[in-house]
Amino acid sequence: MKLKTLLATLALTTALTLPGLAMARPVTLTTTLNTYGGDGAYLALYVTDASGAYMGSLWMAGDKSRYYEHLSDWYRATGGDTAQVNGITGASVGAGRTLEITLDLADSLFDAGYTLHIDAAVEDMRDSPNEVAVPLTTAGAGTPVTGRRYIASFAYDM
Amino acid sequence: MIRALHRWPGLLALALVTVLSLSGAALSVFPAAERIAAPQAEAGMTVATLADRIQGAYPGVEQIRRAPSGRITAYWFDQGTPGAAVIDPATGQGAASADPNQTQRWLTNLHRSLFLGDGGRIATAVGAAAMLVLALSGTMLVARRAGGWRHWFARLRGPLAGRLHVEIARIAVVGLVLSSTTALWMTASTFDLLPGGGVPAMPVGVSGETGFAPGQMLLLAETPVAQLRELTFPYPGDATDVFALKTDKGTGYLDQGTGALLAWTDLSVWERVSETIYMLHTGQGAATLGLVLGLMALGVPAMGVTGVVVWLAGRRGRPRIRGNQSAGRAETILLVGSEGGSTWGFAATLHAALTQAGQSVHTAPMSAFAPERYAAANRIIVLAATYGDGDAPASAKGFLDRLAAADRAPDAPLAVLGFGDRSFPAYCAFAKAVAAAAEAKRWPQLMAIDTIDRQSPQDFARWGGALGDAMGVDLELSHQPVRPVTETLTLVSRRDYGAEVQAPTAILRFALPRVSLWQRFVRAGFARFDAGDLIGILPEGSPVPRFYSLASARRDGFIEIVVKKHPRGLASGQLIALEPGDTVIAFLRRNPGFRPGRGRAPLILIGAGTGIGPLAGFVRGNARQRPVHLFFGMRHPDSDFFYGEELRAWQKEGRLTRLVTAVSRGTRPHYVQDALRGDAAQVAQLVRDGARVMVCGGRDMAAGVADALAEILAPTGLTPAVLKTEGRYVEDVY
């Protein structure tokens with residue numbers, strides 16, 4: 001199965017077991033925001049390959065597509081295509097809150113040069129593309145990283 | 001229909017629109033404050049210069065934004081630490097914190113979503129829609145009430161709450177329509193119901209080089225700071241990234257190695273419209289307009305309160321009709337034309353009294369007029385209020401059409417009673433139209449048309465007596481629209497007149513009653529009154545109050561009235577018999593329509609008999625020596641020249657400019673209207689100079705005065721009706 005379509009369906013499969021996804025495992029992505037003193041943050045979680053090319057989106061926190069342009073790297077990579085986050089969109093995340101999502105991710109995503117990115121934006125505050133960029137490795141799982149402006153800690157656990 | 005469209009959204013959405021308008025008014029201050037506080041770029045400064053300065057101060061700059069207020073904010077990273085500041089464009093240095101104002105953020109979230117996310121956004125949109133419906137229905141009601149669009153700013157009359165409501169509304173409505181329409185647009189835009197714009201696709205053909213200073217880029221050097229929205233710097237170390245520029249014209253990308261423009265997209269029409277609407281709603285970029293809209297929004301809570309008062313007053317006046325008979329069996333058909341509901345109260349009283357007198361009565365709105373069903377009817381009684389400039393009130397819609405369409409008038413004779421306010425030019429105009437239409441149809445008459453001024457229980461009781469006579473039953477109508485809070489007044493002194501002309505009359509002076517702190521605070525009851533206000537006297541043996549015009553104001557320190565004994569008058573008989581130390585039960589009723597008003601325009605006061613009372617009070621209170629011309633009609637100077645001595649003294653003190661008297665008994669009978677005609681040239685000149693005419697006395701005298709004035713004013717092109725519309729001709733008639 002092509003990776004891109006695989007990724008697009010991944011988020012939908014948290015409660016389902018699809019045939020052909022035997023080589024996948026549940027991964028929990030935990031994003032905790034710092035108390036930056038603004039409204040709820042929009043977050044785009046997506047994956048690029050070793051060359052930096054956009055592969056697919058994992059989650060979109062924030063449901064008003066008119067604000068997506070402020071997630072500027074994601075927007076540039078996708079052209080603002082909302083189909084990329086169809087069905088994997090949730091509410092924006094308030095300051096100091098934690099977003100926890102569990103996805104079935106393909107084993108082939110790990111230790112293969114892929115990078116998970118988070119773009120963040122808050123109304124009337126700075127846009128923060130590439131807030132977080134972590135390589136997807138089995139060794140790196142469970143190791144929290146800090147974002148540039150809004151994210152106090154991000155970690156993926158398998 | 002329109003009234004219901006105004007009432008129900010108003011009552012249901014009251015709390016919501018109050019929250020929205022108060023938060024909106026508070027928010028309107030911020031754009032203006034930001035405009036004042038933000039350091040502004042000097043005229044003609046370019047984005048290139050600005051970018052250069054900021055980059056000099058903050059080498060790690062990522063983005064520069066300019067708010068419509070002119071405030072410039074820069075965002076940077078300094079050795080991995082994010083930074084942001086409001087920039088002074090003259091230096092490129094930070095001048096203030098860029099953190100969002102927490103109060104503004106809190107208010108914004110309250111205003112747009114009540115802190116309830118999307119559900120809240122929909123709720124506030126419903127509030128905006130309710131506001132729009134209220135504004136539009138209210139506009140139509142005001143136009144209808146004033147008698148057309150031309151009279152939009154016409155003088156208002158009637159009870160205070162209603163006047164305040166319209167007074168605020170006709171100014172604030174513009175802002176409220178604008179704010180609510182733009183609010184709905186913004187909600188639609190937030191929910192992606194409107195087409196938006198797009199950002200141009202990232203250009204592929206970048207030079208791959210880096211290091212071209214933004215200060216050297218041609219486009220940036222051509223773009224004034226005033227047009228800037230946003231300049232985003234390329235990601236450090238990424239040669240494929242570009243400069244992104246947003247201005248109020250469009251969006252484009254610039255190569256970081258050559259400074260060349262790689263792509264440009266103009267703002268779409270939709271984006272321009274959306275931005276204009278955003279500006280109109282928030283005041284961001286139009287701070288003064290924002291403040292004006294905020295002020296207008298403050299009218300909403302005031303209109304909410306007055307609107308509820310008007311509604312409650314209407315409800316209180318609408319009682320239940322008990323024992324209503326069917327239209328086919330009733331001997332008396334009672335048809336009611338009411339707008340606010342107070343006429344229904346009178347109808348209920350009449351219904352009850354007639355039922356008590358053994359009649360079977362059917363009471364219905366005039367709009368339900370169905371003569372073919374009144375099989376057993378012996379008489380038909382119409383109680384009709386008037387709406388606005390002579391229109392049918394709500395419950396009488398279609399009555400005249402149905403009467404005109406009927407083959408013939410009913411056989412049962414008709415009595416029409418009009419309800420109105422004499423200070424309106426179209427006093428009881430609808431009732432008069434009904435009477436005229438009935439006459440044209442040759443509808444037999446039970447009684448001539450009569451009128452009730454300002455819900456007077458006295459007028460109503462008198463008309464009830466006449467109706468009883470016409471029907472051959474004893475009918476006592478005691479209708480008190482709102483139960484007043486009464487006081488006991490003690491007589492201090494009396495001066496007697498009129499014994500010689502068989503018309504015993506007295507000027508009665510009562511002590512001021514004690515006023516509670518609360519009354520003083522809310523200025524209720526006798527805590528505040530002026531000459532021309534009314535006191536209702538409740539005579540022993542009748543619940544129906546009799547009203548007398550006050551000849552004194554609170555600051556005079558006493559309560560004074562002029563009372564003439566009527567042959568069968570219950571109240572006047574008891575009053576005339578009072579000796580100092582005796583008491584009466586009384587209450588105060590304000591009469592704001594009958595006041596001289598502020599200003600220096602001359603006053604023409606016209607009165608006869610006891611009608612001198614309030615006029616004398618005005619003269620007594622004229623310490624500022626405004627020109628006052630008093631025309632006073634009496635029977636004989638030796639018997640009923642009320643206030644004769646005081647008037648002379650007041651003239652000396654300059655409180656009264658001129659006194660013209662007319663004596664009706666004697667060799668040459670002379671009435672006050674004759675005195676006016678005798679002075680026609682001067683009266684016309686005074687009116688041309690803006691004089692205000694105030695008439696007080698009996699109905700016949702008032703009618704005579706109106707005729708005389710019409711003649712006198714004919715050469716000037718003015719009429720008493722025109723003066724009435726301008727509020728320059730007021731009557732207090734009994």
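The coordinates are above.
Residues numbered from 1 in each chain as written. Chains lettered and ligands numbered in written order. Predicted model: local features only at pLDDT ≥ 70, side-chain atom pairs only at ≥ 80, totals over all residues.

Trainee: I keep staring at the sheet that holds strand E12 (residues 414-420) of chain B and nothing clicks. Help me out?
Mentor: All names here are of chain B. Sheet architecture is open: 5 strands sit in the order E10-E9-E11-E12-E13, paired in parallel fashion. At either margin of the open sheet sits one strand with a lone partner, and together these are strand E10 (361-365) and strand E13 (450-453). Neighbouring strand axes in the sheet, compared pairwise and without regard to direction, differ in orientation by 20 degrees on average. Sheet topology note: the strand E9 (residues 332-337)/E10 ladder contains 5 bridges and is parallel. Opposite Thr 332, over in E10, you have Val 361 as the bridge partner. (Pairing = 2+ DSSP bridges. Helix = DSSP H or I, 4+ residues; strand = E, 2+ residues; numbered from the N terminus. Axes fitted to C-alpha atoms, helices over the stretch in contact; angles between N-to-C directions.)

Trainee: When you look at the nonpolar core in this model, what are you seeing that I'm missing?
Mentor: Nonpolar side chains in soluble globular proteins generally cluster together in the buried interior. Residues and elements named next belong to chain B. Ranked by size, the top nonpolar core spans 66 residues in total, and within it Leu 605 and Leu 676 carry the most contacts. Looking at which element gives the most residues to this core, the answer is helix H23 (residues 699-713), with 7 residues. Shared between two domains, this core holds at least three residues of each, these being domain 4 (487-589) and domain 5 (603-733). Sequence-distant contacts of Leu 605, that is, excluding residues within four places in its chain, are made with Leu 615, Phe 618, Val 628, His 629, Leu 630, Phe 631 and Met 694. Counting 50 residues, the second largest nonpolar core, distinct from the first, contains Phe 346, Ala 348, Leu 414 and Val 416. (Core = buried A, V, L, I, M, F, W, Y, C linked by C-beta atoms within 7 Å. Buried ≥ 20, exposed ≤ 12 C-beta atoms within 10 Å, placed from the backbone. Domains from an automatic or database assignment. Contact = placed C-beta atoms within 7 Å.)

Trainee: Would you take a moment to explain unusual backbone geometry for this structure?
Mentor: Backbone phi values are negative for most residues with the exception of glycine, while trans is the configuration of most peptide bonds. Its identity is not glycine, yet Phe 115 of chain B carries a phi of approximately 60 degrees, on the positive side. With respect to the secondary-structure elements, Phe 115 of chain B resides in the loop between helix H5 (102-113) and helix H6 (117-146).

Trainee: Got a minute to help me understand the sheet that holds strand E1 (residues 24-33) of chain A in this structure?
Mentor: Across a sheet, paired strands are connected by hydrogen bonds in the backbone, their directions being either parallel or antiparallel. Residues and elements named next belong to chain A. Strand order across the open sheet formed by 3 strands is E5-E1-E8, with antiparallel pairing between neighbours. Whereas interior strands pair on both sides, the edge strands pair on one side only; in this sheet they are strand E5 (98-106) and strand E8 (151-157). Within this sheet the neighbouring strands show an average axis-to-axis angle of 15 degrees, counted without direction. Where E1 and E5 come together, 9 bridges link them in antiparallel fashion. Residue pairing across strands places Pro 26 opposite Asp 104, the latter belonging to E5.

Trainee: Even after reading the chapter, I still don't get the pairing of E13 of chain B, so can you show me in this structure?
Mentor: Working note: regular strand, side chains alternate between the two faces of the sheet. Residues and elements named next belong to chain B. As paired elements, E12 and E13 share 4 bridges and run parallel to each other. Counted as the bridge partner of Leu 417 is Asp 450 from E13. Each parallel crossover has a hand, and for E12 linked through helix H14 (residues 429-440) to E13 it is right-handed. (Right-handed = clockwise from strand over helix to strand, strands pointing away.)

Trainee: Whenever I open this one, the environment of Gln 55 of chain B confuses me. Can you help?
Mentor: All names here are of chain B. Summarising the element assignment, Gln 55 is placed in helix H4 (residues 47-57). Classification of Gln 55 by C-beta neighbours within 10 Å gives partly exposed; the count is 19. Linking Gln 55 and Trp 76, residues 21 residues apart in sequence, is a C-alpha distance of 9.4 Å. Excluding residues within four positions of it along the chain, Gln 55 makes contact with Val 61 and Pro 214.

Nothing here speaks to function; it is all geometry.
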